Amino acid sequence: MARYLDEVGGPYGRSAYGRAFDVARTVETARDRLAELMGARDGEQVVFTPNATHAINIVVRSLMHRGGRVLISPLEHNAVTRPVAAFAEQCGASYEVLPHFGDGRVDPDRIDEVMTADTVLVVVNHESNVNGVIQPLREIRKRLGPVPLLVDASQSFGSVPLRVEDWNIDFLAFTGHKALFGPTGTGGLYLRDPASVEPLIYGGTGSSSESFDMPDFLPDRFEAGTQNVAGIFGLLAALENPAERRHSREELRRFVEALKGLPSVRVFCAERFEDQGNVISLVRAGSDPATLGHMLYEEFGIETRIGLHCAPLAHRTLGTFPSGTLRLGVSPYHSADDFCYCLESIRSCLRS
(Lines give C-alpha, C1' and ligand atoms only; values in the text may rest on other atoms or scores of the structure.)
Protein backbone atom coordinates (compact mmCIF):
# COMPACT_ATOMS: atom_id res chain seq x y z
CA MET A 1 0.00 0.00 0.00
CA ALA A 2 2.87 2.35 0.79
CA ARG A 3 4.47 1.55 -2.57
CA TYR A 4 1.27 2.55 -4.35
CA LEU A 5 0.88 5.76 -2.34
CA ASP A 6 4.56 6.77 -2.47
CA GLU A 7 5.75 5.50 -5.85
CA VAL A 8 2.88 4.55 -8.17
CA GLY A 9 -0.25 6.61 -7.58
CA GLY A 10 -1.70 5.86 -11.00
CA PRO A 11 -5.37 5.38 -11.90
CA TYR A 12 -7.11 2.12 -12.75
CA GLY A 13 -8.77 1.78 -16.14
CA ARG A 14 -8.48 5.47 -16.97
CA SER A 15 -5.15 5.99 -18.80
CA ALA A 16 -2.44 4.36 -20.92
CA TYR A 17 0.96 5.19 -19.46
CA GLY A 18 3.44 3.26 -17.33
CA ARG A 19 2.05 3.90 -13.87
CA ALA A 20 -1.49 3.23 -15.05
CA PHE A 21 -0.36 -0.10 -16.53
CA ASP A 22 1.29 -0.97 -13.22
CA VAL A 23 -2.01 -0.36 -11.44
CA ALA A 24 -4.00 -2.33 -14.01
CA ARG A 25 -1.67 -5.33 -13.72
CA THR A 26 -1.92 -5.29 -9.92
CA VAL A 27 -5.71 -4.98 -9.82
CA GLU A 28 -6.25 -7.72 -12.41
CA THR A 29 -3.73 -10.01 -10.72
CA ALA A 30 -5.62 -9.56 -7.44
CA ARG A 31 -8.89 -10.31 -9.23
CA ASP A 32 -7.46 -13.48 -10.76
CA ARG A 33 -6.00 -14.64 -7.43
CA LEU A 34 -9.37 -14.21 -5.73
CA ALA A 35 -11.13 -16.11 -8.51
CA GLU A 36 -8.62 -18.94 -8.22
CA LEU A 37 -9.00 -19.09 -4.45
CA MET A 38 -12.80 -19.41 -4.65
CA GLY A 39 -12.77 -21.78 -7.63
CA ALA A 40 -14.23 -19.40 -10.22
CA ARG A 41 -13.46 -20.06 -13.87
CA ASP A 42 -12.81 -16.43 -14.84
CA GLY A 43 -11.39 -13.46 -12.91
CA GLU A 44 -13.88 -11.13 -14.59
CA GLN A 45 -16.65 -12.80 -12.60
CA VAL A 46 -15.19 -11.15 -9.48
CA VAL A 47 -16.03 -7.45 -9.10
CA PHE A 48 -14.49 -5.25 -6.43
CA THR A 49 -16.71 -3.49 -3.89
CA PRO A 50 -15.89 -1.45 -0.76
CA ASN A 51 -17.01 -4.34 1.46
CA ALA A 52 -19.20 -7.43 1.63
CA THR A 53 -22.24 -5.36 2.65
CA HIS A 54 -22.15 -3.45 -0.64
CA ALA A 55 -21.89 -6.73 -2.54
CA ILE A 56 -24.84 -8.24 -0.66
CA ASN A 57 -26.98 -5.18 -1.36
CA ILE A 58 -26.37 -5.51 -5.11
CA VAL A 59 -27.94 -8.98 -5.15
CA VAL A 60 -30.67 -8.49 -2.55
CA ARG A 61 -31.95 -5.24 -4.05
CA SER A 62 -31.94 -6.61 -7.59
CA LEU A 63 -33.83 -9.80 -6.79
CA MET A 64 -36.30 -8.37 -4.26
CA HIS A 65 -37.43 -5.26 -6.12
CA ARG A 66 -40.26 -7.10 -7.88
CA GLY A 67 -41.53 -8.76 -4.70
CA GLY A 68 -41.42 -12.46 -3.94
CA ARG A 69 -39.93 -14.30 -1.01
CA VAL A 70 -36.40 -14.67 0.36
CA LEU A 71 -35.15 -17.45 2.62
CA ILE A 72 -32.23 -16.69 4.95
CA SER A 73 -30.15 -18.75 7.35
CA PRO A 74 -30.77 -18.37 11.11
CA LEU A 75 -27.27 -17.00 11.76
CA GLU A 76 -27.27 -14.01 9.41
CA HIS A 77 -25.37 -10.80 10.09
CA ASN A 78 -27.10 -7.42 9.76
CA ALA A 79 -25.28 -7.09 6.43
CA VAL A 80 -28.03 -9.43 5.20
CA THR A 81 -30.96 -8.95 7.57
CA ARG A 82 -31.11 -5.16 7.28
CA PRO A 83 -31.24 -4.96 3.46
CA VAL A 84 -33.60 -7.94 3.31
CA ALA A 85 -35.94 -6.34 5.85
CA ALA A 86 -35.71 -2.93 4.17
CA PHE A 87 -36.38 -4.16 0.65
CA ALA A 88 -39.16 -6.45 1.88
CA GLU A 89 -40.94 -3.41 3.27
CA GLN A 90 -40.23 -1.20 0.26
CA CYS A 91 -41.06 -3.75 -2.43
CA GLY A 92 -43.85 -5.78 -0.88
CA ALA A 93 -41.62 -8.86 -0.57
CA SER A 94 -41.26 -11.21 2.40
CA TYR A 95 -38.61 -13.33 4.07
CA GLU A 96 -38.40 -16.39 6.27
CA VAL A 97 -35.70 -18.24 8.20
CA LEU A 98 -34.58 -21.65 6.92
CA PRO A 99 -35.18 -24.74 9.10
CA HIS A 100 -32.20 -25.46 11.31
CA PHE A 101 -30.66 -27.41 14.15
CA GLY A 102 -30.03 -26.05 17.66
CA ASP A 103 -26.63 -24.59 16.80
CA GLY A 104 -28.06 -22.71 13.82
CA ARG A 105 -26.83 -25.12 11.16
CA VAL A 106 -29.35 -25.26 8.32
CA ASP A 107 -31.14 -28.61 7.95
CA PRO A 108 -30.96 -29.38 4.20
CA ASP A 109 -33.52 -32.18 4.50
CA ARG A 110 -36.22 -29.70 5.61
CA ILE A 111 -35.66 -26.96 3.05
CA ASP A 112 -38.55 -28.30 0.96
CA GLU A 113 -40.89 -27.34 3.81
CA VAL A 114 -40.31 -23.63 3.17
CA MET A 115 -39.59 -23.51 -0.56
CA THR A 116 -42.47 -21.95 -2.50
CA ALA A 117 -43.10 -20.97 -6.11
CA ASP A 118 -42.47 -17.27 -5.35
CA THR A 119 -39.06 -17.82 -3.69
CA VAL A 120 -36.63 -15.53 -5.53
CA LEU A 121 -33.45 -15.93 -3.45
CA VAL A 122 -31.82 -17.95 -0.68
CA VAL A 123 -29.09 -16.30 1.44
CA VAL A 124 -26.70 -18.28 3.62
CA ASN A 125 -23.95 -17.03 5.92
CA HIS A 126 -21.21 -19.58 5.23
CA GLU A 127 -19.57 -19.20 8.65
CA SER A 128 -21.30 -17.56 11.58
CA ASN A 129 -19.52 -14.59 13.12
CA VAL A 130 -21.10 -15.52 16.48
CA ASN A 131 -20.51 -19.25 17.06
CA GLY A 132 -18.43 -20.24 14.02
CA VAL A 133 -20.90 -22.74 12.57
CA ILE A 134 -20.04 -23.59 8.94
CA GLN A 135 -23.10 -24.20 6.79
CA PRO A 136 -23.35 -27.20 4.39
CA LEU A 137 -23.42 -25.16 1.19
CA ARG A 138 -23.28 -28.08 -1.24
CA GLU A 139 -26.20 -29.89 0.39
CA ILE A 140 -28.23 -26.67 0.56
CA ARG A 141 -27.57 -25.83 -3.09
CA LYS A 142 -28.74 -29.26 -4.26
CA ARG A 143 -32.18 -28.63 -2.73
CA LEU A 144 -32.82 -25.19 -4.20
CA GLY A 145 -33.48 -26.13 -7.83
CA PRO A 146 -33.43 -23.00 -10.02
CA VAL A 147 -33.62 -20.56 -7.07
CA PRO A 148 -30.34 -18.59 -6.84
CA LEU A 149 -28.08 -18.87 -3.79
CA LEU A 150 -26.21 -15.89 -2.32
CA VAL A 151 -23.40 -16.84 0.07
CA ASP A 152 -22.05 -14.37 2.61
CA ALA A 153 -18.45 -15.58 2.90
CA SER A 154 -17.21 -12.64 4.98
CA GLN A 155 -16.06 -14.83 7.86
CA SER A 156 -14.98 -17.88 5.87
CA PHE A 157 -13.25 -16.80 2.66
CA GLY A 158 -9.57 -17.45 3.14
CA SER A 159 -9.90 -19.98 5.95
CA VAL A 160 -12.63 -22.40 4.79
CA PRO A 161 -12.51 -24.11 1.35
CA LEU A 162 -14.88 -22.62 -1.25
CA ARG A 163 -15.54 -23.86 -4.81
CA VAL A 164 -18.18 -21.65 -6.40
CA GLU A 165 -18.19 -23.46 -9.77
CA ASP A 166 -18.16 -26.99 -8.41
CA TRP A 167 -20.86 -26.18 -5.85
CA ASN A 168 -23.05 -24.17 -8.28
CA ILE A 169 -23.02 -21.04 -6.12
CA ASP A 170 -24.71 -18.13 -7.90
CA PHE A 171 -23.37 -15.19 -5.87
CA LEU A 172 -20.63 -14.94 -3.26
CA ALA A 173 -19.93 -11.80 -1.23
CA PHE A 174 -16.64 -11.42 0.62
CA THR A 175 -14.48 -8.94 2.49
CA GLY A 176 -10.72 -8.55 2.33
CA HIS A 177 -10.08 -7.64 5.96
CA LYS A 178 -10.92 -10.87 7.78
CA ALA A 179 -9.52 -14.30 6.89
CA LEU A 180 -7.75 -12.90 3.81
CA PHE A 181 -5.77 -10.55 6.12
CA GLY A 182 -6.09 -7.63 3.70
CA PRO A 183 -6.93 -4.01 4.53
CA THR A 184 -10.37 -2.68 5.39
CA GLY A 185 -12.31 -1.06 2.58
CA THR A 186 -11.77 -4.01 0.24
CA GLY A 187 -14.33 -6.62 -0.73
CA GLY A 188 -16.09 -8.08 -3.72
CA LEU A 189 -18.81 -10.11 -5.33
CA TYR A 190 -18.66 -13.23 -7.47
CA LEU A 191 -21.44 -13.44 -10.07
CA ARG A 192 -22.23 -16.62 -11.96
CA ASP A 193 -24.86 -14.83 -14.10
CA PRO A 194 -24.22 -11.07 -14.03
CA ALA A 195 -27.26 -10.41 -16.25
CA SER A 196 -29.55 -11.48 -13.39
CA VAL A 197 -28.73 -8.43 -11.23
CA GLU A 198 -28.42 -4.67 -11.67
CA PRO A 199 -25.66 -2.34 -10.44
CA LEU A 200 -26.19 -0.69 -7.08
CA ILE A 201 -24.12 2.36 -8.04
CA TYR A 202 -24.02 4.06 -11.44
CA GLY A 203 -21.20 6.27 -12.68
CA GLY A 204 -17.93 6.53 -14.55
CA THR A 205 -15.90 3.43 -15.36
CA GLY A 206 -13.38 4.67 -17.93
CA SER A 207 -15.14 2.52 -20.55
CA SER A 208 -18.11 3.08 -22.90
CA SER A 209 -17.77 6.75 -21.99
CA GLU A 210 -19.86 7.86 -24.95
CA SER A 211 -22.99 6.36 -23.35
CA PHE A 212 -25.13 7.37 -20.37
CA ASP A 213 -25.74 3.65 -19.76
CA MET A 214 -23.48 1.47 -17.65
CA PRO A 215 -21.29 -0.94 -19.65
CA ASP A 216 -22.86 -4.34 -20.20
CA PHE A 217 -19.61 -6.25 -19.59
CA LEU A 218 -17.69 -7.34 -16.50
CA PRO A 219 -16.18 -6.12 -14.31
CA ASP A 220 -16.96 -2.54 -15.40
CA ARG A 221 -20.74 -2.89 -15.06
CA PHE A 222 -20.46 -3.15 -11.27
CA GLU A 223 -17.38 -0.99 -10.62
CA ALA A 224 -18.58 2.61 -11.01
CA GLY A 225 -16.27 5.27 -9.64
CA THR A 226 -12.65 5.08 -8.55
CA GLN A 227 -11.74 1.86 -6.79
CA ASN A 228 -9.77 1.60 -3.54
CA VAL A 229 -6.57 0.97 -5.48
CA ALA A 230 -4.27 1.31 -2.46
CA GLY A 231 -6.43 -1.23 -0.64
CA ILE A 232 -6.33 -3.66 -3.58
CA PHE A 233 -2.52 -3.37 -3.65
CA GLY A 234 -2.58 -4.37 0.02
CA LEU A 235 -5.07 -7.18 -0.60
CA LEU A 236 -2.88 -8.68 -3.32
CA ALA A 237 0.13 -8.55 -0.98
CA ALA A 238 -1.90 -10.43 1.63
CA LEU A 239 -2.97 -13.05 -0.94
CA GLU A 240 0.65 -13.55 -1.99
CA ASN A 241 1.85 -13.88 1.62
CA PRO A 242 -0.69 -16.12 3.38
CA ALA A 243 -0.48 -16.61 7.11
CA GLU A 244 1.32 -19.73 8.30
CA ARG A 245 -0.93 -21.56 10.74
CA ARG A 246 0.59 -22.05 14.19
CA HIS A 247 -1.97 -24.47 15.58
CA SER A 248 -3.66 -27.65 14.39
CA ARG A 249 -7.35 -28.46 14.15
CA GLU A 250 -6.87 -30.97 16.95
CA GLU A 251 -5.39 -28.27 19.21
CA LEU A 252 -8.37 -26.04 18.42
CA ARG A 253 -10.76 -28.90 19.20
CA ARG A 254 -9.10 -29.47 22.59
CA PHE A 255 -9.34 -25.74 23.33
CA VAL A 256 -13.08 -25.75 22.58
CA GLU A 257 -13.62 -28.85 24.73
CA ALA A 258 -11.68 -27.25 27.58
CA LEU A 259 -13.87 -24.15 27.37
CA LYS A 260 -16.93 -26.37 27.61
CA GLY A 261 -15.54 -27.81 30.82
CA LEU A 262 -15.32 -24.48 32.63
CA PRO A 263 -17.73 -24.13 35.58
CA SER A 264 -20.83 -21.95 35.10
CA VAL A 265 -19.85 -21.24 31.47
CA ARG A 266 -21.97 -21.98 28.42
CA VAL A 267 -20.10 -22.26 25.12
CA PHE A 268 -21.76 -21.53 21.78
CA CYS A 269 -20.16 -23.47 18.96
CA ALA A 270 -21.02 -26.11 16.37
CA GLU A 271 -22.67 -29.29 17.66
CA ARG A 272 -20.23 -31.26 15.48
CA PHE A 273 -16.61 -30.09 15.46
CA GLU A 274 -16.31 -30.76 11.71
CA ASP A 275 -18.75 -27.85 11.28
CA GLN A 276 -16.69 -25.51 13.48
CA GLY A 277 -14.93 -22.42 12.19
CA ASN A 278 -12.56 -20.06 13.97
CA VAL A 279 -15.08 -18.22 16.16
CA ILE A 280 -16.44 -19.35 19.53
CA SER A 281 -18.76 -17.52 21.92
CA LEU A 282 -19.44 -18.01 25.60
CA VAL A 283 -21.45 -16.60 28.49
CA ARG A 284 -21.10 -16.98 32.23
CA ALA A 285 -24.29 -17.72 34.13
CA GLY A 286 -25.53 -14.70 36.05
CA SER A 287 -22.97 -12.31 34.57
CA ASP A 288 -23.02 -9.81 31.72
CA PRO A 289 -20.52 -10.73 28.96
CA ALA A 290 -19.02 -7.24 29.19
CA THR A 291 -17.80 -7.91 32.73
CA LEU A 292 -15.74 -10.94 31.69
CA GLY A 293 -14.53 -9.17 28.55
CA HIS A 294 -13.34 -6.18 30.56
CA MET A 295 -11.48 -8.38 33.04
CA LEU A 296 -9.75 -10.38 30.30
CA TYR A 297 -8.48 -7.20 28.69
CA GLU A 298 -7.51 -5.24 31.79
CA GLU A 299 -5.85 -8.10 33.66
CA PHE A 300 -4.50 -10.31 30.86
CA GLY A 301 -4.36 -8.19 27.70
CA ILE A 302 -6.77 -10.48 25.84
CA GLU A 303 -8.93 -8.67 23.31
CA THR A 304 -12.43 -10.09 22.75
CA ARG A 305 -15.69 -8.74 21.41
CA ILE A 306 -18.83 -8.65 23.53
CA GLY A 307 -22.49 -7.98 22.75
CA LEU A 308 -24.61 -8.83 19.72
CA HIS A 309 -21.84 -8.71 17.08
CA CYS A 310 -24.17 -6.99 14.56
CA ALA A 311 -26.07 -10.28 14.37
CA PRO A 312 -29.27 -10.08 16.47
CA LEU A 313 -30.94 -12.83 14.42
CA ALA A 314 -28.11 -15.22 15.30
CA HIS A 315 -28.41 -14.36 18.99
CA ARG A 316 -32.19 -14.84 18.92
CA THR A 317 -31.59 -18.24 17.31
CA LEU A 318 -29.07 -19.22 20.00
CA GLY A 319 -31.08 -17.77 22.89
CA THR A 320 -28.52 -15.11 23.84
CA PHE A 321 -30.54 -12.03 22.90
CA PRO A 322 -30.40 -9.24 24.07
CA SER A 323 -27.23 -9.39 26.19
CA GLY A 324 -25.21 -11.31 23.60
CA THR A 325 -22.01 -13.21 24.27
CA LEU A 326 -18.26 -12.87 24.68
CA ARG A 327 -16.64 -13.89 21.40
CA LEU A 328 -13.18 -15.40 20.92
CA GLY A 329 -11.76 -15.07 17.40
CA VAL A 330 -9.01 -17.59 16.66
CA SER A 331 -6.30 -16.46 14.24
CA PRO A 332 -3.82 -18.62 12.31
CA TYR A 333 -1.16 -16.84 14.36
CA HIS A 334 -2.50 -18.23 17.63
CA SER A 335 -0.60 -21.20 19.02
CA ALA A 336 -1.43 -23.98 21.47
CA ASP A 337 0.38 -21.91 24.10
CA ASP A 338 -2.00 -19.01 23.38
CA PHE A 339 -4.94 -21.35 23.90
CA CYS A 340 -3.53 -22.39 27.28
CA TYR A 341 -2.94 -18.76 28.29
CA CYS A 342 -6.49 -17.79 27.28
CA LEU A 343 -7.98 -20.74 29.12
CA GLU A 344 -6.07 -20.03 32.34
CA SER A 345 -6.95 -16.33 32.11
CA ILE A 346 -10.66 -17.14 31.86
CA ARG A 347 -10.35 -19.52 34.82
CA SER A 348 -8.71 -16.78 36.85
CA CYS A 349 -11.49 -14.34 35.99
CA LEU A 350 -14.13 -16.87 36.95
CA ARG A 351 -12.48 -17.49 40.32
CA SER A 352 -12.40 -13.79 41.13
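Residues numbered from 1 in each chain as written. Predicted model: local features only at pLDDT ≥ 70, side-chain atom pairs only at ≥ 80, totals over all residues. Heavy atoms only, no water.

Participant: How do you make sense of the overall build of the protein chain when you look at a structure like this?
Facilitator: Within the protein chain one finds 10 helices and 11 strands. If one aligns the C-alpha atoms of the protein chain with their principal axes, the spans along those axes are about 70 × 55 × 35 Å. Relative to its 352 residues, the protein chain shows a buried fraction of 54%. Taking all contacts inside the protein chain whose residues are at least 6 apart in sequence as the whole, residues at least 24 apart take part in 66%. Surface accessibility of the protein chain: about 15,800 Å² in total, with carbon and sulfur atoms responsible for 49%. When the 35 basic and 45 acidic side-chain charges of the protein chain are each reduced to a single mean position, those positions are 3 Å apart. (Helix = DSSP H or I, 4+ residues; strand = E, 2+ residues; numbered from the N terminus. Buried < 20%, exposed > 50% of the residue type's maximum accessible area, 1.4 Å probe, protein only. Contact = heavy atoms within 4.5 Å. Areas by Shrake-Rupley, 256 points an atom, 1.4 Å probe, with all protein chains shown as cover. Lys, Arg positive; Asp, Glu negative; His and termini not counted. Charge placed at Lys NZ, Arg CZ, Asp CG, Glu CD.)

Participant: Would you mind showing me how to read the sheet that holds strand S6 (residues 171–175) here?
Facilitator: For sheets, the rule is that strands pair by backbone hydrogen bonds, running either parallel or antiparallel. Ordered by their spatial adjacency, 7 strands build an open sheet running S1-S7-S6-S5-S4-S2-S3, and the pairing between neighbours is mixed. Each of the sheet's edge strands pairs with one partner strand only, and the pair in question is strand S1 (46–49) and strand S3 (94–97). Strand after strand, the sheet turns through a mean of 20° between neighbouring axes, direction not considered. Examined bridge by bridge, strand S2 (residues 69–72) and S3 share 4 bridges and lie parallel to one another. Bridge assignment links Val 70 to a residue of S3, and that residue is Tyr 95. (Pairing = 2+ DSSP bridges. Axes fitted to C-alpha atoms, helices over the stretch in contact; angles between N-to-C directions.)

Participant: Explain the packing of helix H3 (residues 52–64) against helix H4 (residues 78–91) to me, please; I cannot follow it from the model alone.
Facilitator: If you want to describe how two helices pack, look at the angle between their axes and the distance between the axes. The contact between H3 and H4 brings their axes to 10 Å, and the two run at 25°. Considering the angle they form, H3 stands roughly parallel to H4. Relative to H4, the crossing made by H3 is right-handed. The segment H3 lies against H4, with Thr 53, Ile 56, Asn 57, Val 60, Arg 61 and Met 64 engaging Ala 79, Val 80, Pro 83, Val 84, Phe 87, Ala 88 and Cys 91. Along the lines of polarity and charge, the residues of the contact of H3 with H4 split into 10 nonpolar, 2 polar and 1 charged. (Parallel < 35°, antiparallel > 145°, perpendicular 65-115°, else oblique. Left-handed = near helix turned anticlockwise from the far one by under 90°. Nonpolar A, V, L, I, M, F, W, Y, C, P; charged D, E, K, R; others polar.)

Participant: When you look at the side chain of Glu 76 in this model, what are you seeing that I'm missing?
Facilitator: Along the polypeptide, Glu 76 turns up in the loop between S2 and H4. Here Glu 76 sits buried without a salt bridge, and the closest side chain of opposite charge, Lys 178, lies 11 Å off (N-O distance). Polar contacts involving the side chain of Glu 76 include one to the side chain of Ser 73, which spans 2.6 Å. Side-chain polar atoms of Glu 76 contact the backbone nitrogen of Asn 125, separated by 2.7 Å. Residues contacting Glu 76, with those up to four places away along its chain left out, are Thr 81, Val 123, Val 124, Asn 125, Ala 311, Leu 313 and Ala 314. (Salt bridge = Lys/Arg side-chain N within 4 Å of Asp/Glu carboxyl O. Polar contact = N/O pair within 3.5 Å; in protein donor to acceptor, adjacent residues only side chain to side chain.)

Participant: What should I look at first to understand helix H6 (residues 229–240) in this one?
Facilitator: Within an α-helix, residues lying three or four positions from one another point in the same direction, as the helix has 3.6 residues per turn. Between its first and last C-alpha atoms H6 spans 17 Å; for 12 residues at 1.5 Å apiece the expected length is 16 Å, and the two agree. Across the 12 residues that make up H6, a large majority, 10, are buried. Along H6, the residues classified as buried are Val 229, Ala 230, Gly 231, Ile 232, Phe 233, Gly 234, Leu 235, Leu 236, Ala 238 and Leu 239. (Expected span 1.5 Å × (residues − 1).)

Participant: Quick question: what am I supposed to make of the nonpolar core here?
Facilitator: Buried together is how nonpolar side chains tend to be arranged in soluble globular proteins. Formed by 42 residues in total, the largest nonpolar core has its most connected members in Leu 34, Met 38, Ile 169 and Leu 172. Breaking this core down by element, the ones donating at least two residues are helix H1 (2–8), helix H2 (18–38), S1, strand S4 (119–125), helix H5 (137–142), strand S5 (149–152), S6 and H6. By residue number, the principal contributor to this core is H6, which donates 7 residues. Residues within four places of Ile 169 in sequence aside, it is in contact with Leu 137, Leu 149, Val 151, Leu 162, Val 164, Tyr 190 and Arg 192. Within the second largest apolar cluster, 28 residues are counted, among which are Val 80, Ala 88, Leu 121 and Ala 173. (Core = buried A, V, L, I, M, F, W, Y, C linked by side-chain atoms within 4.5 Å.)

Participant: It is not clear to me how the packing of aromatic side chains should be interpreted in this structure. Could you clarify?
Facilitator: Each aromatic ring pair is described using two quantities: the centre-to-centre distance and the angle formed by the ring planes. Under the definition given, this model contains 5 aromatic pairs. Geometrically, the ring pair formed by Phe 181 and Tyr 333 is edge-to-face, given 5.6 Å between the ring centres and 85° between the ring planes. Of the two residues, Phe 181 sits in the loop between S6 and strand S7 (187–191) while Tyr 333 sits in the loop between strand S11 (325–329) and helix H10 (336–351), which places them 152 residues apart along the sequence. Seen from their ring centres, Phe 300 and Tyr 341 are 6.4 Å apart, and the 75° between their planes marks the pair as edge-to-face. (Phe/Tyr/Trp six-rings, centres within 6.5 Å; stacked < 30°, edge-to-face > 60°.)

Participant: How should the side chain of Ser 62 be read in this particular structure?
Facilitator: Take Ser 62: it is sitting in helix H3. The class for Ser 62 is buried, based on a relative accessible area of 8%. A polar contact is formed between the side chain of Ser 62 and the backbone oxygen of Ile 58, at a distance of 2.8 Å. The residues contacting Ser 62, other than those within four sequence positions of it, are Asn 57, Val 197 and Glu 198.

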